[in-house]
Structure formats: structure tokens, C-alpha cells
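Structural overview
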Amino acid sequence: MTDIVPQLLDWYRTEQRDLPWRRTAVSPWQILVSEFMLQQTPVARVEPIWLAWIERWPTPSATAAASAADVLRAWGKLGYPRRAKRLHECATVIATEHDDVVPSDIETLLTLPGVGTYTARAVACFAYRKRVPVVDTNVRRVVARVVHGRADSPSSVRDLDDVAALLPDSADAPTFSVALMELGATVCTARTPRCGLCPLSVCAWRSRGYPEAAAPVRRVQRYAGTDRQVRGRLLDVLRGNDSPVPRAQLDMAWLNDTAQRDRALDSLLVDGLVEQTADGRFALAGEGD
DNA sequence: ATCCGGTTCC
DNA sequence: GGAACGGGAT
């Protein structure tokens, strides 16, 4: 089983994707930005936005100096715009409380807005080369298959221990972690794994004949027709206007269900993504800053 | 346990 | 049409 390390490292050396945030000379802050954008979002959609973003706002203080509205516009249709707001807040905290330097220890990283278990470990590992386990959805699936012989596994803290047990006791640990993610992203995929391309000589899932997932019961999260789609439509209107828009203009973005539209707008106000002016019009939060 | 975007691919 | 995508906050 210890052969996993050289097999995976050799494979990664030749098969890794050339992703811009993996190149040298990318700062910890820029890596942090990539991790925010990559939360629940495919690489292909993040890449162009990340490139433009770090050129425009290369540091935490530069990001903090921008208005929340401009940050939301630059985020565009990447999705989950609360991430953009948290990234802006995160930049402010780092600029004002950490001397414009991204913290390197997990405990401090976890105190930052929008930084959870995965992102804190990813920054410590990929930006600061620390030997800490990093578990995302890809790693969880790879470990479930290779180590436990199951098609997938529910999120659990045990995954961290599983990965910690696999990590090489050397400077290669961060590379091993990114290689594990890469394998899950490109070979050991969720729907149609390409096991013929797998570099690992031993896999418990393969040994057991690729058993199906036990109980898929997981509730499907749809999108069409949900409040999330309505929020997206409303934000899209505000992103396209530099000055506040009247309520009637927002109303046109969703005519099917007025109650749902009101609920969506209210939730955007609660989330601090949208603000109402004194005269009753609406704008992206921080439009005037 | 649910909510939170938007797109692509099977 | 559904599932998947380098999660986080409540």
C-alpha cells in the first residue's frame, strides 16, 4: 500500500493539468482566491475569472480597497455570490488585522470569513507547503475507493485521518495531496471513472469488483425554478446597472411567482448582497464605496 | 440537514 | 432532465 506515494507522484509529474494557480510565483493570497472560487465550481469556469481577478487585485489590501459592488461584478456569474462577499471581507480582515499577510496556521485561517475546514488546510498545504491532510470531495471519493473499497463515502472526520496515514513523511506531502485531488478530478471521477488510466497498482474498490454505492438516498439539489435562480436573476439586473434601479425594474426579472420574487429579494438584502437606497431603489451592496 | 449559482456533461 | 462541480454557514 505504501507504493501509492511513488506511483501517484510519478503519475502527477507527467499528467497534471497546467492550472495557473499551481504555477510558481503565485502568492498565498492568490491561492486563497482560487480556493474560494473553486468551492463547488469547476476549474474551467474559474480559470478566466481568477486570471483577471488577481491582475486587478493582486493583494488582500488591494481587494479590500475595492467596493463590494465592484467585487460582485468581477465575480460575475461564477455562482454562490456570498463567496464574493466573504472573499472581500476576508481580504479586509487580512489587510487590517494580519498586516496584509495570509495566515499560515490552520487555526488562524479558520477564523477568516468564508474559510472552512477544506480551504484552511488547502492554503496551509498549497501556499505554505505544510504537511497537513487536505480533504475535498475528490480526495474523499479516492480514499473511499482505494482504501475502503467503497464507491463513495459520506463526509466524515475519519477521512482526515485516512489521508494523514497516506501522506509521505517528506517535503513531497503537499504535492502528494494535490496529486490525490488531481486523480479524483481527472481519473477517479464520480460518474464514469477511467480506471484503465489509473496509476495505482492496488485499489480495494477494484479488488472487490467495483461495488455500487450503498444507499444513494441523498436529496437532489435542483436549480431551475428555485429561489436560487430568482436571486441570480435579480443580481444579474443589479450587476448591469451602475446606479440604483427602481423596484419595478427588478420585478421584471421574475414574473412567474411574485411571492417567490419578494422572498428572494429579501434574502439578498439579509445576506448583504443588495442594499436599498433612501428613496427606495435597489443596488448592489457597497455601490457608493 | 438545508440553503446557496450557474454551467456542462452523461 | 439529472448529476456533478477542488465547500461554508446556519
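All of these numbers come straight from a predicted model, not from anything done at the bench.

Attention shifts here to the overall build of chain A. Check the secondary structure of chain A and you find 15 helices and two strands. Seen through its C-alpha atoms, chain A measures out along the principal axes to roughly 65 × 45 × 30 Å. Relative to its 289 residues, chain A shows a buried fraction of 45%. Contacts in chain A between residues at least 24 apart in sequence constitute 63% of all its contacts with a sequence separation of at least 6. On chain A, roughly 15000 Å² of surface is accessible, and the fraction owed to carbon and sulfur atoms is 52%. Mean positive and mean negative side-chain charge positions of chain A (36 and 35 charges, respectively) differ by 7 Å.

Moving on, we get to the UniProt feature "domain: HhH-GPD" (unreviewed entry) in chain A. Under the feature "domain: HhH-GPD" (unreviewed entry), the UniProt entry names residues 37-186. This span, residues 37-186, is 63% helix and 0% strand, and a straight line between its end C-alpha atoms measures 19 Å.

A few words on the protein's contact with DNA strand C. As a matter of local geometry, DNA strand C sits amid 29 residues, with Glu35, Gly114, Thr119, Met181 and Val220 nearest to it. Here, DNA strand C places atoms within 4 Å of the protein, and 62% of those atoms are sugar or phosphate. At a separation of 3.1 Å, a base oxygen of DNA strand C approaches a polar side-chain atom of Trp21. Contact distances for DNA strand C include 3.1 Å between a base nitrogen and a side-chain N or O atom of Tyr118. Secondary structure elements with two or more residues in the surface near DNA strand C: α2 (28-38), α6 (82-97), α8 (117-127) and α9 (137-146). When residues in the surface near DNA strand C are grouped by element, the largest group, four residues, is from α8. Taken together, the residues of the surface near DNA strand C sort by class into 12 nonpolar, nine polar and eight charged.

One broad rule of soluble globular proteins: the nonpolar side chains tend to lie buried together. In terms of nonpolar packing, the biggest core is built from 85 residues, with Trp29, Leu32, Phe126 and Phe176 touching the most fellow members. Per-element tally for this core: the top contributor is α8, with eight residues. With residues near it in sequence (within four places) discarded, Phe126 still touches Ile31, Glu35, Tyr118, Val134, Pro174, Ser177, Val178 and Met181.

Relative to the helices and strands, Leu78 is located in the loop between α5 (68-75) and α6. Take Leu78: its relative accessible area is 3%, and that puts it in the buried class.

Segmentation of chain A into domains returns domain 1 (17-127), domain 2 (137-208) and domain 3 (227-284). Taking only C-alpha atoms into account, the centre of domain 1 sits 26 Å from that of domain 2. Between domain 1 and domain 2, the contact holds six residues from the first and eight residues from the second. Taken together, the two surfaces of domain 1 and domain 2 that pack against each other cover about 640 Å², and 64% of this comes from carbon and sulfur. One can count two salt bridges joining domain 1 with domain 2. Between Arg22 and Glu182 there is a salt bridge whose closest N-O contact spans 2.6 Å.

Close to DNA strand B lie 18 residues, the nearest being Tyr80, Pro81, Arg228, Arg231 and Gly232. Backbone atoms, meaning sugar plus phosphate, form 52% of the atoms of DNA strand B positioned within 4 Å of the protein. Note that a base nitrogen of DNA strand B is positioned 2.9 Å from one of the side-chain N or O atoms of Arg45. Top element by residues in the surface near DNA strand B is helix α13 (residues 227-239). It accounts for four residues. Of the residues contributing to the surface near DNA strand B, the split by class is five nonpolar, six polar and seven charged.

A few words now on the packing of aromatic side chains. In this description, an aromatic ring pair is defined by two values, namely the gap between the centres and the angle between the planes. All told, the structure shown has four aromatic pairs when counted by the stated rule. Ring geometry for Trp53 against Trp75: centres 5.8 Å apart, planes inclined by 85°, an arrangement best described as edge-to-face. With Trp53 in helix α3 (residues 43-56) and Trp75 in helix α5, the pair connects residues that are 22 residues apart, well separated along the chain. Assigned by exposure class, Trp53 and Trp75 land together as buried. For the pair Trp205 and Tyr210, a centre-to-centre distance of 5.0 Å together with 85° between the ring planes defines the contact as edge-to-face.

Before going further, it helps to examine the pattern of salt bridges. Applying the stated criterion across every chain yields a total of 20 salt bridges. In this structure, Asp271 and Arg82 form a salt bridge, with 3.9 Å as the shortest nitrogen-oxygen distance. Taken as a pair, Asp271 in the loop between α15 (258-270) and β1 (274-276) and Arg82 in helix α6 lie far apart in primary sequence, 189 residues in all. Classification of Asp271 as partly exposed rests on a relative accessible area of 22%. By relative accessible area, Arg82 is classed as partly exposed at 40%. Across the pair Arg158 and Asp162 runs a salt bridge whose closest N-O atoms are separated by 3.5 Å. In this pair, Arg158 and Asp162 both sit in helix α10 (residues 158-166), four residues apart, roughly one turn of the helix. Relative accessible area serves as the criterion here: at 49%, Arg158 is assigned to the partly exposed category. Asp162 sits in the buried class, given a relative accessible area of 13%. Several salt bridges share partner residues, and in doing so they unite Asp70, Arg73, Asp242 and Glu287 into one network.

The rules we used
- Residues numbered from 1 in each chain as written.
- Chains lettered and ligands numbered in written order.
- Predicted model: local features only at pLDDT ≥ 70, side-chain atom pairs only at ≥ 80, totals over all residues.
- Heavy atoms only, no water.
- Helix = DSSP H or I, 4+ residues; strand = E, 2+ residues; numbered from the N terminus.
- Buried < 20%, exposed > 50% of the residue type's maximum accessible area, 1.4 Å probe, protein only.
- Contact = heavy atoms within 4.5 Å.
- Areas by Shrake-Rupley, 256 points an atom, 1.4 Å probe, with all protein chains shown as cover.
- Lys, Arg positive; Asp, Glu negative; His and termini not counted.
- Charge placed at Lys NZ, Arg CZ, Asp CG, Glu CD.
- UniProt positions renumbered as here; feature names shortened; annotations may be inferred.
- Near = heavy atom within 4 Å.
- Polar contact = N/O pair within 3.5 Å; in protein donor to acceptor, adjacent residues only side chain to side chain.
- Nonpolar A, V, L, I, M, F, W, Y, C, P; charged D, E, K, R; others polar.
- Core = buried A, V, L, I, M, F, W, Y, C linked by side-chain atoms within 4.5 Å.
- Domains from an automatic or database assignment.
- Buried area = accessible area lost by both parts, 1.4 Å probe.
- Salt bridge = Lys/Arg side-chain N within 4 Å of Asp/Glu carboxyl O.
- Phe/Tyr/Trp six-rings, centres within 6.5 Å; stacked < 30°, edge-to-face > 60°.

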